[in-house]
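Tertiary structure, described
Chain by chain, the residues run as shown.
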There are 2 protein chains.
Amino acid sequence: MKDINARSEFPFESLRFREVDGIPELVLAVVQDFRTNEVLMVAHTNREAIEKTIETGRMHYFSTSRKKLWLKGERSGNVQIVREIYIDCDGDALLFKVEQKGGACHKGYRSCFFRRIEGSEIRIAGRKVFNPDEVY
Amino acid sequence: MKDINARSEFPFESLRFREVDGIPELVLAVVQDFRTNEVLMVAHTNREAIEKTIETGRMHYFSTSRKKLWLKGERSGNVQIVREIYIDCDGDALLFKVEQKGGACHKGYRSCFFRRIEGSEIRIAGRKVFNPDEVY
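Residues numbered from 1 in each chain as written. Chains lettered and ligands numbered in written order. Predicted model: local features only at pLDDT ≥ 70, side-chain atom pairs only at ≥ 80, totals over all residues. Heavy atoms only, no water.

Describing the overall build of chain A
What chain A contains, in helices and strands, is two helices and nine strands. Going residue by residue from the N terminus, the α and β elements of chain A occur as β-β-β-α-β-β-β-β-β-β-α. Projecting the C-alpha coordinates of chain A onto the three principal axes gives extents of approximately 40 × 30 × 30 Å. Going through the 136 residues of chain A one by one, you find that 56% of them count as buried. Pairs at least 24 residues apart make up 44% of the contacts formed inside chain A by residues separated by at least 6 positions. When the accessible surface of chain A is totalled, it reaches about 6200 Å², and 42% of it is carbon and sulfur. Each charge sign in chain A was given a centre, from 23 positive and 21 negative side chains, and these centres are 5 Å apart. (Helix = DSSP H or I, 4+ residues; strand = E, 2+ residues; numbered from the N terminus. Buried < 20%, exposed > 50% of the residue type's maximum accessible area, 1.4 Å probe, protein only. Contact = heavy atoms within 4.5 Å. Areas by Shrake-Rupley, 256 points an atom, 1.4 Å probe, with all protein chains shown as cover. Lys, Arg positive; Asp, Glu negative; His and termini not counted. Charge placed at Lys NZ, Arg CZ, Asp CG, Glu CD.)

Set out below in C-alpha cells:
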C-alpha cells in the first residue's frame, strides 16, 4: 500500500469517534483476510493506535478492558500486516484488509467468529490453527 | 437457516452488551455478503432488534442517532435477508451473513466501505448500485 510507512499520514479529520463503555475517542476496526475476505475480528482503535498501525504496517488496537494500546501478535506472533484500509460512509468504522499470521483469535482459531448460532444453540464452525496453551 | 423464524430463539445469555455514546445494551453487527464475503456495513443492534431479526429473517438494527429500532431497507427496499449468524469469542459482536437486495449504503453503494484510504487521501473504490436521490 502506498505510503503505509509515512508517519501520521492518515485522514483523521474524516473519522467520527465514539465513546464505548466510558472510554472516549474510539473508532471501530473490522479486520478481514485480504485473500479470502474472511472476517477475522472486530476491535476498537483510536488515533494513537492508528498512527502506530500506519507507522509499522501492523495492526494496533486500543484495548477497552486493559485500557491501553495493543500490538496484535505481540506475545503470540500472530501479527496482522495491513494491505488496504477502507472507511465507511459515516466515518465511525474502518475496514482493514490484512495478511494474518497464524490465527486472529486468542482461543486458537483463524477467526474470532468461529462459533455459528443455530437457533438457541452455538456450534463450533471455525478452523483451529494453533494451540493457545502453547502460545499465551 | 434452521429455526430462523422461531420467536426469541437465540442464545442471548452469550452476548456481552456495551454502552456506546451513552446508549446502553448494544452489540455490534458486522454484515457480510453471504456469496462474496464482501463486508457491507457495521452497525449496532440490541436485544429487541435481534428478536425482530430472528422473527422476520431480515436485519434490524438500533439506530444510535435516531435512538430507535430500524428495519434495514424499510424505505429503500434494500433489505438484508439473514443466512447465517456467528458470534465472536468475547460475545460483543455478531457477524451476519446476508443476501443483500440492492445496496447496503444510503449513498447508493453496494457496501458502506466504498472509500479506500491511500496515504492521506480518500478515493472512491466501491461499486455504485443505485441512485440515492431516487430511493430516499
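Points about the relation of the copies chain B and chain A
The pair of chain copies shares a relation made of a rotation about an axis and a shift along it. At an RMSD of 0.0 Å, chain B and chain A line up after a rotation of 180° and a shift of 0.0 Å along the axis. Look at the turn and shift together and you get a two-fold axis relating the two. Relative to the rotation axis, the C-alpha of V20 of chain B is the closest in chain B, positioned 2.3 Å from it. Comparing interface residues between copies, 100% of those in chain B also sit at the interface in chain A, which points to an isologous, same-surface contact. (Least-squares fit on C-alpha atoms with pLDDT ≥ 70 in both.)

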